[in-house]
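Chain residues, written in single-letter form:
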Amino acid sequence: MTLTKKPDSRPAPNSWGLVGGENPWEYAPAPEATDHIRIEPEYGLFIGNEFVRSKPRKTFTVINPATEEPLAKVAHASKADVNRAVGAAHEAHRSSWSNLPGRERAKYLYRIARILQERSREFAVVESMNSGKPIKESRDVDVPLAAAHFFYYAGWADKLEYAYPNRVPRSLGVAAQVIPWNFPLLMLAWKIAPALAAGNTVVLKPASTTPLTAYLFADVVRQADLPPGVVNIITGPGEIGMELVTHPDVAKVAFTGSTAVGKMIARAVAGTDKKVTLELGGKAANIVFDDAPLDQAIEGIINGIYFNQGEVCCAGSRLFVQESVYEPLIDKLKNRLSTLRVGDPLDKNTDVGAINSAGQLAKVQELVESGIAEGAEIFQPDCELPTRGYFFRPTLFTGVSQSHRIAQEEIFGPVLSVLTFRTPEEAIEKANNTPYGLSAGVWTEKGSRIFKMVNAMRAGVVWANTFNRFDPTSPFGGYKESGYGREGGIHGLGAYLDLSNGTRR
Ligand code: NDP
């Protein structure tokens, strides 16, 4: 059956009392309130549990990508500030945190998790205002998962010797953590929770466009009464990130972001004894076989690429469809795409919010133009975009070939490239034909085929009959140019420990 139906645009019956011509199926606006949050006009660096000015005093402005309005000024750290922050973390590691029994560290982590839950609405609103992501995602995914990571790693803090039998797990020291703008609070939790559980102290640098929930988190650190210097947060451009990760008193580097910067960091710290984990880009294959439940797969495809505007390292940005179901699947997909609601991130009905920055929007536009120029066929739903802010229509490309840039490069936007295959072998070969290897998805009702595909695909995470599911207990990380090391689960804990010392049996 071919579905070509557009969203219903019939006028309302008179008996509904609507003014003539209104579409009864339109949702009424459902904006989340913002009167319960407080964004300070200016944020200093968070060092030793105090907000301090950068030296020399310098700031930059953070904006709301959905309105292009300024939200706050934040401190622009200098090299001297990096020294101050690492010094505070080093001292806290030496004098307090590394000496605390695991059960005491756990208490602090549980406290942070509970405060995040208590203040979840506030965090969700600030996250959506600063990043552009829909409130339903920050409310239902980012903030609950961030709290779940603190709960999960709190559970490990006093059980390290059980996690690593016959080892004497030791903390490493100061962890330098540089995070991106696509999941600002969640990436903070992925980094800080295991580091603290393992007995390390941290200096975290959020992305310059999205520091506000990190500074809100600084307030949580004080509320939870953490010893000064255990968590430090500094803001500044990429060079400050580089100063931080190469600082001689830093023992562990954890980076999430682009492959280009990941390679620069790897080169800069090569030859030192710093422990490093890099979580970089991706170009995930989402593979649909002809026996898959198509309606379920459609939801997985939509979630895979349009969740968080496609600004997701593990986004299912390459869709591989078995030829025999290509036409019905594309019809259903176009139909479903037309129902996505693009607009105000603070509206609870919004599915696709604002792109994080003007620069990222320009990158998405450039790659989409390359797709058209290289001969792929574009489909975009006929939806209205807000007149201000960095918005982009959910986009679908068919007729894509392996050599197109839109099939090879990470777009990091709401753009899906569709390719086809005939046999499982062809699907595997095409899916693995990428420099990346972060994630993948398989849709089939055949269990044996799932196992075959999972084993054959060079990707750190493979979802079967679902996509973009996250859990603090599951390790996450890449192959090839998607980086190395794992975050999450017990694997993520080991990345913050020195396990070289054994016990005598
Ligand atoms: P970057 O890799 O540049 O930024 C990620 C983090 O690294 C930010 O905190 C950034 O700081 C910092 N940083 C930038 N340059 C350096 C450096 N030389 N040394 C140390 N830290 C540095 O990603 P972008 O924000 O520029 O995005 C570019 C592309 O990267 C995207 O289009 C997307 O394809 C990919 N990306 C992938 C992500 C992932 O999760 N794998 C996340 C984000 C982007 P600052 O913000 O101040 O520049």
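Scroll up for the structure.
On a predicted model such as this, the values are computed, not experimentally measured, just so you know.

Caption draft 1: Spatial organisation of the overall build of the protein. When helices and strands are counted, the protein shows 16 helices and 20 strands. Relative to the 2.2 N^0.38 estimate, which gives 23 Å for 505 residues, the radius of gyration of the protein is 23 Å and therefore close to what a compact globule would have. Taken over the C-alpha atoms alone, the protein extends approximately 70 × 55 × 40 Å along its principal axes. A total of 505 residues make up the protein; the buried ones form 56% of that total. With the model as given, the accessible surface of the protein reaches about 20600 Å², and the carbon-plus-sulfur share is 51%. When the 55 basic and 55 acidic side-chain charges of the protein are each reduced to a single mean position, those positions are 7 Å apart.

Caption draft 2: Spatial organisation of the site of the ligand. Contacts to the ligand come from 29 residues, most closely from W181, S208, S258, K363 and E410. A distance of 3.0 Å separates an oxygen atom of the ligand from a polar atom in the side chain of K205. A distance of 3.1 Å separates a nitrogen atom of the ligand from a polar atom in the backbone of G257. Expressed as a share of its isolated accessible area of 850 Å², the protein-covered part of the ligand is 84%. Of all the secondary-structure elements, those providing two or more residues to the shell around the ligand are α8 (238–245), β10 (250–256), α9 (259–269) and α12 (358–373). Residue composition of the shell around the ligand, grouped by class: 15 nonpolar, ten polar and four charged.

Caption draft 3: Highlighting unusual backbone geometry. Cis rather than trans, the peptide bond between K55 and P56 has omega equal to -5 degrees. The topology assignment puts P56 in the loop between β3 (50–52) and β4 (59–64). One non-glycine residue, N49, lies in the positive phi region at around 65 degrees. Here N49 is to be found in the loop between β2 (45–47) and β3. Since its relative accessible area comes to 10%, N49 is described here as buried. Non-glycine residue N465 carries a positive phi angle of around 55 degrees. Within the fold, N465 resides in the loop between β18 (461–464) and β19 (483–484).

Caption draft 4: Representation of the sheet that holds strand β16 (residues 415–421). Pairing is mixed in the open sheet, where seven strands are placed in the order β14-β15-β16-β13-β12-β17-β18. The outermost strands of the open sheet, each flanked by one partner alone, are β14 (377–379) and β18. On average, each strand axis in the sheet is inclined to that of its neighbour by 20 degrees, with strand direction left out of account. As paired elements, strand β12 (residues 285–288) and strand β17 (residues 439–443) share four bridges and run parallel to each other. Bridged to N286 within β17 is G441.

Caption draft 5: Up close: helix α6 (residues 184–197). Helix length check: α6 (14 residues) gives 20 Å between terminal C-alpha atoms against 20 Å at 1.5 Å per residue, within 8%. Of all 14 residues making up α6, 14 are buried, and the element is well covered by its neighbours. Of the residues flanking the end of α6, it is G199, one or two places downstream, whose phi is positive at about 95 degrees.

Caption draft 6: Region of interest: the sheet that holds β4. Strand order across the open sheet formed by three strands is β1-β5-β4, with mixed pairing between neighbours. Sheet topology places β1 (42–43) and β4 at the edges, where each strand pairs with a single neighbour. Across the face of the sheet, helix α3 (residues 120–131) comes into contact with β4 and β5 (69–75) while running at roughly 100 degrees to β4.

Caption draft 7: A look at the pattern of salt bridges. Overall, the coordinates contain 23 salt bridges when judged by the stated rule. Each of the salt bridges in this network shares a partner with another, and the network as a whole consists of R119, E122 and D219.

Calculation notes
Residues numbered from 1 in each chain as written. Predicted model: local features only at pLDDT ≥ 70, side-chain atom pairs only at ≥ 80, totals over all residues. Heavy atoms only, no water. Helix = DSSP H or I, 4+ residues; strand = E, 2+ residues; numbered from the N terminus. Rg over C-alpha atoms; globule rule 2.2 N^0.38 Å. Buried < 20%, exposed > 50% of the residue type's maximum accessible area, 1.4 Å probe, protein only. Areas by Shrake-Rupley, 256 points an atom, 1.4 Å probe, with all protein chains shown as cover. Lys, Arg positive; Asp, Glu negative; His and termini not counted. Charge placed at Lys NZ, Arg CZ, Asp CG, Glu CD. Near = heavy atom within 4 Å. Polar contact = N/O pair within 3.5 Å; in protein donor to acceptor, adjacent residues only side chain to side chain. Nonpolar A, V, L, I, M, F, W, Y, C, P; charged D, E, K, R; others polar. Pairing = 2+ DSSP bridges. Axes fitted to C-alpha atoms, helices over the stretch in contact; angles between N-to-C directions. Expected span 1.5 Å × (residues − 1). Contact = heavy atoms within 4.5 Å. Salt bridge = Lys/Arg side-chain N within 4 Å of Asp/Glu carboxyl O.

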